[in-house]
Amino acid sequence: MSREHEHAGMAEEKSSGDAFLRHAGRTFLLAMYTALRSLKLYPIENATAQKSLDDLQTASLALLEPQGEIELRLSGDFIFVNGTRLRLELDNYASFSNTLAALRTLDVGTLRVATGVERKEWQIFLGVLLALTARGGDPDPERLIEFRDRLALGSVNHIEVDPPLESEDKVAEAEKAREVAKRTYSHGVAVTKDLINSVRLGRTTSITKVKRAVQAIVDQVLNNETSLLGLTTIRDYDEYTFTHSVNVCILSVAIGKKLSLTRLQLYDLGLAALLHDVGKARIPVDVLNKSTGLTEDEWKMMQTHPWLGVLTLFNMRGYGEIPYRQIVVAHEHHMKTDLTGYPKAIRPREMGIFSRIVAVADGYDAATTRRSYQTVPIQPDQVLREMWENPRRGYDPVLVKALINLIGIYPVGSCVILDTFEVGVVSGANPDQNFMNRPMVRICIDVNGALVGPPGMEANLAAQDGAGAFLRSIVKVTNPDRYGIIVGDYFV
Amino acid sequence: MTEGMPAAVTLPPSQVEELLRTLVKGLRAFQMYLPNNPVYQRAGHNVRAAFQPLWASGLDRLTLQIVETDIVWEEQVVYHQPNKSESLAWTLFKDGMRVLTLFPGVEEEEIVKFLDIVQRARTLAADAGDDLLTLLWEQDFALVQYHFTEFTTDANVPGLSGEGAYSVAPPTDPNVVESQKEDTRGKVQEEAPPRKSGVVDVEDFDSTLYWLDEAEIRAIAEAVAREYAQDLRSNVLNILFDIVEQRDEPWARSDTFSTMETYLPHVLNAGDFRSVALILRETRLLVRQQELLRADERERLDSLTGRLSEPAVLQQILQSVTEAQTPPTEDDLGELFRELRPAGLETVMVWLPKLPPASAVSVLLASSADRLAETSPNEVLRLLRLPESESLPSIISLCGRLKLQAAVPGLSDTLGHALASIRLAGVLALDGIGTPTALSALERPVDDADREVRIAAVQALGRRGYKGALRRIEPVVQGKVPREIDLTERMRFFEAYALIAGNAALEGLTAMLSSGGLFKRKETPEVRACAALAIGRLKTPESREVLQRYKDDKELVVRTAVSRALRETGS
């Protein structure tokens, strides 16, 4: 790097927290690698070894002073220092790899260094690390326990090691799935927007795009439903009609998956769900987006959208054949299972299973969303409770159960207060079915009341301490607005 | 590049070129021939064989880049067809495919399906709702992988909130940060209930919610089965009719009617007579509800049904009914035919003779024709006056069978038709009707140029005893009409004469039978025989007595006729 570039780089580092962390984190990691290598090659009395320990202490203090704590987290092929990903470069990647390999051998996923760490603690830490890694072999949780024990014996109180939050592959996979999910979701919204606007303007629209979008959603739900379900928590006020349609599509397909529908059945269901509100394209925009309460006439107008959807779908060009199933769902999704909803059925009718699924997904997403005529969203758990307990809502109880089965009693997106006084957002059902009431949570506010930026700190509420007590439990569902938490931020 | 290819694999590009040539040939064969055709089967065999050298070389997958009109393997063009309409590469490329990967085993089944889909994609209409990708997706291939580019440009895809930056920017001032932390901590502690013992209260949720029991799973499975077994067309039609009934805004009804008008041909095209019947049934009920629809709406809805009776439409319907692989049920057909309007009568009458007489379609259609003819005399008359209409013989016959008195003027007109067969049909129909007006109309064909027509008319008049006809028949019997007639026709005239004139004819006929006396004209044996037969028709004691006298006549033909006449009189 030329001097000029280096200078420019320093200026950038000062101006950005991330840049500082990247620079200081890199220095710290390199110092650790150098010290590790020196202690391996030289006796402790050796000047080189001593200097490397000095450098490591200096590097750690450089981070600790402004940050208060160092958290070195290994995730897949990435290294994060206090949440900031370090960039691997040609001149440092080998050093990073070596250090990571040593930590991984002992099943270390996170290394925490607290303020007050002493040079001697580093010496003991590195010594134990070297001794244990010298044995070779695969990563083993038992060795982590031994590592911790030996650190405790050496009175290393300011350096902690924890296992990985998840296996590296899983993290990498989850990261990739999240990226794909984001693309799929954004694409779905764009296609829906194009469709609705085309209908509104009387233009022809490409059904092929809609089909492609739904196929992508089905694929994504089949491969990794959690990542896409998380995105349904995005509440974009301005794009409500479009995001709502995509959310209902995702939730419906995910419910369908729970019910073991085939891939092609999920496709049919997904198409119907994405198009269920297409009739709203023919409702005047000022009624659709009215922020104050709707008048009785406006409500009546809103209630025309199911049959307007029927006529719209009938006349939508580009279908190889008439989209019958989608028409039926557009018509029935507000009817309620006992047909007391709207529109009224004059001729004998039984609400189809696809309509009932879409109704559940629609009701859930609509109630939990802030939209034009519902400025205060209802908390997900309350919505589910109401859907489950109030038969007059007209949802199929079995499908509500399926929805709860899918997203848990604390659904994805629920903002919860934990008994640790942390505040978090539920990010998914617990993968262990024995802990369905203990979901995965992303901590957004830590025990000190500090906001933890997106994506938050992932916590498994099924985690227990040595005595079998749960480390964290939900004590209350709360309104994220109260804490300035934008739930959607934690899923993108 | 071919991913995962072992380094040792050496495969000449010509092998891949050969495979692609074979695939293109296969594509053509699959396009032109049915699966049971030897050419199709040979193409399938060739495609399978063309993969063998590739897999034998150790290749674990074949990854092809699609570059407009080229297909590239290992950076070498292995397929090039600049003519886009013929190019396999272009077919793949234009819908967004950029990489195609085939795995060993693909040749067994999936490659044929793949080529079939490619062929379908080629022939899709410009506004079709599918493209290559959506069609391939539905197949869920295991050994065919592909990468597509998306249509939507990045500019159209909205960013997700939170991308790139926090929606709420965190404060940077340490004092503010600390103060906010305090504030937040206080709020959390204030809101949170007292710390619990580490588990969520079991009362907070119902653990059975997490599981669907056997009965629920079964109920869902049954509901899904019902979803796919239902008659979707009927379902959506019921929705449309519900909308008509519920929405009284003129534009809403107009939109719904437009939809129905557009939809009806789809239903017909699908040969879905159940839905057609449903449309007709519901339309009929709605049109009857005076208070529900405005006059113009009733008229429009009614015209929807009326369209089915338009000759061109009805002809298509009847054609599809007769050609349907799965014949429509009698109920559905009955519903359809019951709604036919008079405008459809001509088409029905053309089709009826073409149908197997005892078939359900024929019986139901004939019944519909009867109804239409009985209720639409004007249409019947109109058709009877269309000398060129293909339906004329059938409609004439129908008039007779149904004894449609109102049709007599039209039938009379048919007696002047150029074709003897039509005139004959007209005679038979008028005979069937048998009213004085109809019989009166039969006088004219007594003098028809065609023997069959004359005989039919004379027989009819005789059988009916229509006295008005005597003035045409008697001269023929008495030989006063200079006409060449054969024995059979003469016999019919004599018989008719007897039947019409009754005992009053006995004297004259006896005179003819006894031919040859002094001052009497000598009749031929044939005339005498005819007179004998005619006397036999009188069936009176006097007539029998006359016949007895001539039973031993010297002329064989007379004796035979007398014997027959006596038998018929019961002697």
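Residues numbered from 1 in each chain as written. Chains lettered and ligands numbered in written order. Predicted model: local features only at pLDDT ≥ 70, side-chain atom pairs only at ≥ 80, totals over all residues.

Engineer: Tell me what's going on with the overall build of chain A, and back it up with residues and numbers.
Structural biologist: A tally of helices and strands in chain A yields 17 helices and 10 strands. With 492 residues in all, chain A has 49% of them scored as buried. The contacts of chain A with a sequence gap of at least 6 include a subset with a gap of at least 24, amounting to 67%. (Helix = DSSP H or I, 4+ residues; strand = E, 2+ residues; numbered from the N terminus. Buried ≥ 20, exposed ≤ 12 C-beta atoms within 10 Å, placed from the backbone. Contact = placed C-beta atoms within 7 Å.)

Engineer: Quick one: what's the story with the overall build of chain B, residue by residue and with numbers?
Structural biologist: Helix and strand content of chain B: 27 helices and 5 strands. Split into buried and exposed, the 571 residues of chain B put 36% on the buried side. At a minimum sequence separation of 6, the contacts of chain B that also span at least 24 residues come to 65%.

Engineer: If you had to explain the nonpolar core to someone new, which residues and values would you point to?
Structural biologist: Of all hydrophobic cores here, the largest spans 207 residues; its most connected members are A:I255, B:L461, B:Y497, B:A532 and B:I535. Per-element accounting of this core gives the leading share, 11 residues, to helix α8 (residues 207-231) of chain A. Contacts of B:Y497, omitting those with residues within four sequence positions, involve B:I473, B:E474, B:V477, B:A505 and B:A534. (Core = buried A, V, L, I, M, F, W, Y, C linked by C-beta atoms within 7 Å.)

Engineer: Could you give me a rundown of helix α5 (residues 119-133) of chain A, with the residues and numbers involved?
Structural biologist: Across its 15 residues, α5(A) extends 21 Å between first and last C-alpha, which sits within 8% of the 21 Å expected from 1.5 Å per residue. When α5(A) is considered as a whole, its buried residues turn out to be A:E121, A:W122, A:Q123, A:F125, A:L126, A:V128 and A:L129. (Expected span 1.5 Å × (residues − 1).)

Engineer: How would you sum up the sheet that holds strand β3 (residues 76-80) of chain B? Please name residues and give values.
Structural biologist: Residue and element names in this part refer to chain B. Sheet architecture is open: 5 strands sit in the order β3-β2-β1-β4-β5, paired in antiparallel fashion. Each edge of the open sheet carries a strand with a single partner, namely β3 and β5 (144-148). On average, adjacent strands in this sheet sit at an angle of 25° to one another, irrespective of strand direction. Direction of pairing for strand β1 (residues 62-67) relative to strand β2 (residues 70-73): antiparallel, over a ladder of 3 bridges. Among the inter-strand pairings, Q65 is bridged to a residue of β2, identified as V72. (Pairing = 2+ DSSP bridges. Axes fitted to C-alpha atoms, helices over the stretch in contact; angles between N-to-C directions.)

Engineer: Account for the sheet that holds strand β7 (residues 423-428) of chain A, naming residues and giving values.
Structural biologist: All names here are of chain A. One open sheet accounts for 5 strands, arranged β9-β8-β7-β6-β10; its pairing is antiparallel. The outermost strands of the open sheet, each flanked by one partner alone, are β9 (457-460) and β10 (474-478). Within the sheet, the average angular offset between the axes of one strand and its neighbour, ignoring direction, is 40°. Where strand β6 (residues 415-418) lies against β7, 3 bridges are found, and the strand directions are antiparallel. Bridge pairing links I417 to V423 in β7.

Engineer: Break down the packing of helix α3 (residues 47-67) of chain A against α5(A) for me, citing the residues and quoting the values.
Structural biologist: The description of two helices packed together rests on the angle between their axes and the distance between the axes. All names here are of chain A. At a minimum axis distance of 9 Å, the contact between α3 and α5 shows a crossing angle of 115°. As judged from the angle between their axes, α3 and α5 are roughly perpendicular. As for how α3 packs across α5, the hand of that crossing is right-handed. Facing α3, whose interface residues are L53, L56 and Q57, α5 presents R119, W122 and Q123. Of the residues that constitute the contact of α3 with α5, the class distribution is 3 nonpolar, 2 polar and 1 charged. (Parallel < 35°, antiparallel > 145°, perpendicular 65-115°, else oblique. Left-handed = near helix turned anticlockwise from the far one by under 90°. Nonpolar A, V, L, I, M, F, W, Y, C, P; charged D, E, K, R; others polar.)

Engineer: So what's going on with the environment of B:E335? Which residues, and what values?
Structural biologist: All names here are of chain B. Tracing the backbone through its elements, the reader meets E335 in helix α13 (residues 330-338). Look at E335 and you get buried, because 21 C-beta atoms sit within 10 Å. Separated by 59 residues in the primary sequence, E335 and V276 place their C-alpha atoms 8.5 Å from one another. Other than its neighbours up to four places away in sequence, E335 contacts A277, L280 and R281.

Engineer: Give a detailed account of the pairing of β2(B), specifying residues and quantitative values.
Structural biologist: Residue and element names in this part refer to chain B. Linking β1 to β2, which pair antiparallel, is a turn of 2 residues; within it E68 sits at a positive phi near 50°. Relative to β3, β2 is paired through 4 bridges, and the arrangement is antiparallel. Paired with W73 across the bridge in β3 is Q76. Hairpin connection from β2 to β3: 2 residues lie between these consecutive antiparallel strands, with E74 at a positive phi of about 50°.

Engineer: With reference to specific residues and values, describe the packing of α8(A) against helix α9 (residues 240-258) of chain A.
Structural biologist: Residues and elements named next belong to chain A. Between α8 and α9, whose axes approach to 9 Å, the crossing angle comes to 80°. As the angle between them shows, α8 and α9 are arranged roughly perpendicular. Of α9, the residues touching α8 (which contributes V214, I217, V218, V221, L222, E225, L228 and L229) are C249, I250, V253, A254 and K257.

Engineer: Describe the pairing of strand β8 (residues 440-445) of chain A, and please don't skip the residues or the numbers.
Structural biologist: Residues and elements named next belong to chain A. Where burial is concerned, most of β8 is hidden: 5 out of the 6 residues are buried. Note: β7 against β8, 5 bridges, orientation antiparallel. Looking at β8, one finds that G428 is bridged to M440. Sheet topology places β8 next to β9; 4 bridges connect them, and they run antiparallel. Counterpart to R442 in the pairing with β9 is E458.

Engineer: Kindly report on unusual backbone geometry, identifying the contributing residues and their values.
Structural biologist: Of all residues except glycine, most have a negative phi; of all peptide bonds, most are trans. Cis rather than trans, the peptide bond between A:Y342 and A:P343 has omega equal to -10°. Position of A:P343 among the secondary structure elements: in the loop between α14 (324-332) and α15 (353-367). Even without being glycine, B:E74 reaches a positive phi, approximately 50°. Along the chain, B:E74 falls in the loop between β2 and β3. Accessibility expressed as a C-beta count within 10 Å gives 14 for B:E74, which makes it partly exposed.

Engineer: Break down the confidence of the model for chain A for me, with residues and values.
Structural biologist: Close inspection of predicted coordinates is inappropriate in any region flagged by low pLDDT. Mean pLDDT over chain A works out to 83, with 86% of the residues at or above the 70 mark. Every residue in residues 1-16 of chain A is under pLDDT 50, and counting partners more than four places away or in other chains gives 5 contacts. (pLDDT = per-residue confidence, 0-100.)

Engineer: Report on the environment of B:A496, specifying residues and quantitative values.
Structural biologist: All names here are of chain B. Take A496: it is sitting in helix α23 (residues 487-501). C-alpha separation for the pair A496 and Y466, spaced 30 residues apart in sequence, amounts to 9.3 Å. Aside from chain neighbours lying at most four places away, what touches A496 is V458, Q459, L461, G462 and I473.

Engineer: Residue-level account of helix α6 (residues 141-153) of chain A, with values.
Structural biologist: A rise of 1.5 Å per residue sets the reference length of α6(A), with its 13 residues, at 18 Å; its end C-alpha atoms lie 19 Å apart and thus fit the reference within 8%. Positive backbone phi, approximately 60°, marks A:S155, located one or two places after α6(A).

Engineer: Tell me about the confidence of the model for chain B, and name the residues and values.
Structural biologist: Residue and element names in this part refer to chain B. Summing up the model confidence of chain B, the mean pLDDT is 85 and the portion of residues at 70 or higher is 89%. In this model residues 153-169 is a low-confidence stretch, pLDDT under 50, and it forms 35 contacts with partners more than four residues away in sequence or in other chains. Across residues 196-207 the pLDDT falls below 50, and counting only partners more than four positions away or on other chains, this stretch makes 13 contacts in the model. Interface confidence in the predicted complex, given as ipTM, is 0.70; pTM for the same model is 0.68.

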